[in-house]
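Here's the letter readout for the chains.
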Amino acid sequence: MVERTFELPDLGEGIAEGELVSWLVAAGDTVEEDQVIAEVETDKALVEIPSPYDGSVTRLHHEEGEIVPVDAVIATFEVEADEEAATERDSSNSSADAEGSPGETAADAADTDAAAAGTPADAAADASPGESPVPSGRVFASPSTRALARELGVDIGAVEGSGPGGRVAGADVRAHAQGAGTPAGEEPAAGAATASAAAAETAATTTADSEAVAAVGNGTAEAVEQRESGVGGTAAERDRTLSMPATRQLAADLGVDLNAVPASEEREGEPFVTPDDVRAFAAEGSDGASGVASGVAGATTTEEAKSATEPVTTADERSAAEAPGEGAAAGDLADKPGERVPYRGVRRTIGEQMAESKYTAPHVSHHDEFDATELVELQEELAAVAETEGVKLTYLPFVVKAITTALAEFPYLNASLDESAEEIVLHDEYNVGIAVATDAGLMVPVVKNADEKGLKQLAEEIRDLAERARNRQIKPEEMQGGTFTITNIGVIGGEFSSPIINHPEAAIFAMGPIKKRPWVLDDEVVARNTMRFSMSVDHRLVDGADAARFSNRVKELLAEPSRLLLE
């Protein structure tokens, strides 16, 4: 019998960690290969983790509710030696298929890793008794990061990881590619040698400046050092930065180029700049951390040195600080009584997505109503037929058909704005997201190529996606790729709403309830079944007139739904 550890596997592209929701086994339990042993919640879905071995569980390394990084050890198993050997062969073959280039064997991959690490092949033999041997050349990285390394021609074994446990992220690979020296086996040119000497001289100067900062306070020196070695690299090396909309607004108010701010955090392998990063950079000035250091070193008094390291306070910040009670209310929040629920997982993802959408896309809302009498009659007629085939036909498939038909005539509502390229992308697919309320929060599974499907097929697919979303069995890829979203507020209550766009889409359609209301027909007020609906559009892409025309076309199709049967 041998002990083998099991690490949290890759949970999907861009996912670096997950919350351990529940253990389905305990220490001492016997398990079979592929038996589900744990449930882990990511910011997109609830993922079941299967056992890689036949054997017994000897230790669970994390408690329920903990946030566990990908590639962190979560369990230890005791397995038969023969079983372990077979598992290692399968794992090696899988790794070769997934990561190796055509013709590359698992042995070749192992040799490459060992060479990159520069350690003997038998290093594992020196492990202490009871410890699980770990290959010395192992690199922790997601498949997407490994693919990026191959695209950039980077040996991932030579990349220094900045993530938990030395995990290599996409930003690390890019930084290594940008900072790589001359190819192995070639002598550096004279210019390169000169550059190295200059870099050494600059480093010495920076060190002296950092020591001057330390004279004022170790905290300031450490902060400067941390910012200089931040996740995002130096200011000139970055052309893409992740941050919250409020942070971007703060940078604009302070006249700071967000891409020039050293990042203190990382999200999905990309530099993530916080408001504190922006304020610190603004305090340092456009010359960065060295500007602060030299400023402090040149100060003639302790007070001058102290003032040189203090953050810049804008007029708005001073006004907010001076406003009676406001600052105190925000500061006292930490002491407020009441239940505290962790803000993470799906709820945090929803919050960040909604904030990004609301502060990025200027929303315009449109509300309307139409006579749905014929829609009600047709739905009742076709629902009875569909029920005999085991299909529940609701109004939603009719709305999806009407939406996709109208989108073909108004392509800017089925579009996205590529801000980096300064281009509007008019999608040639009609992938409709259906907002589903779950216990964990709002999820939006996507019906791919909805325009190519009939009413019965749409009904079945929507039911299946919604059910699996509520049961937390939906796959992350089934909630990606949407080009337009529909939400149904009518099933809960309310007449109109101002829905937030599922950014980077251009629009969202909110169905209201269908019920009898007063309606003017032939100059007489009669009771008719009507549907009220709301819509929000990104005003950068869609003008109000186009939103109204699109709305009118949807109304025409739903008011006379027999037309949809011809689509």
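Above this text you will find the structure in question.
These numbers were taken from a predicted model, which means no experiment stands behind them.

(A) The side chain of Thr404, seen in detail. Examined against the element boundaries, Thr404 turns out to sit in helix H15 (residues 396–409). Apart from the residues within four sequence positions on either side, Thr404 is in contact with Tyr430, Val432, Ala450 and Asp451.

(B) View of the pairing of strand S18 (residues 484–488). Summarising burial for S18: 4 of the 5 residues are buried, a large majority. Where strand S14 (residues 432–434) lies against S18, 3 bridges are found, and the strand directions are parallel. Looking at the pairing, Gly433 lines up with Thr485 of S18. One ladder, built from 4 bridges, connects S18 with strand S19 (residues 507–521); its direction is parallel. Considered in S19, the bridge of Thr487 is made with Ala510.

(C) Main features of a negative patch on the surface. The grouping of Glu32, Glu33, Asp34 and Asp54 at the surface amounts to a negative patch. Mapped onto the fold, Glu33 is located in the loop between strand S3 (30–31) and strand S4 (36–41).

(D) Up close: the pattern of salt bridges. Evaluation of the coordinates by the stated rule reveals 21 salt bridges. With a closest N to O distance of 2.8 Å, Glu41 and Arg472 form a salt bridge. Of this pair, Glu41 sits in strand S4 while Arg472 sits in the loop between helix H16 (455–470) and S18, and the two are 431 residues apart along the sequence. Looking at Glu41, the relative accessible area reads 14%, which means it is buried. A salt bridge links Lys453 to Glu461, with the shortest nitrogen-to-oxygen separation between them at 2.7 Å. Residue Lys453 is classed as buried on the basis of its relative accessible area, which comes to 13%.

(E) How the structure looks around the sheet that holds strand S1 (residues 2–7). One open sheet accounts for 4 strands, arranged S1-S8-S6-S3; its pairing is antiparallel. Two strands in the sheet have a free side with no partner beyond their single neighbour: S1 and S3.

Calculation rules
Residues numbered from 1 in each chain as written. Predicted model: local features only at pLDDT ≥ 70, side-chain atom pairs only at ≥ 80, totals over all residues. Heavy atoms only, no water. Helix = DSSP H or I, 4+ residues; strand = E, 2+ residues; numbered from the N terminus. Contact = heavy atoms within 4.5 Å. Buried < 20%, exposed > 50% of the residue type's maximum accessible area, 1.4 Å probe, protein only. Pairing = 2+ DSSP bridges. Patch = residues over 30% accessible without salt bridge, like charges linked within 9 Å, V, L, I, M, F, W, Y side chains within 5 Å. Areas by Shrake-Rupley, 256 points an atom, 1.4 Å probe, with all protein chains shown as cover. Salt bridge = Lys/Arg side-chain N within 4 Å of Asp/Glu carboxyl O. Lys, Arg positive; Asp, Glu negative; His and termini not counted. Charge placed at Lys NZ, Arg CZ, Asp CG, Glu CD.

Purely spatial values, then, with no claim about function.
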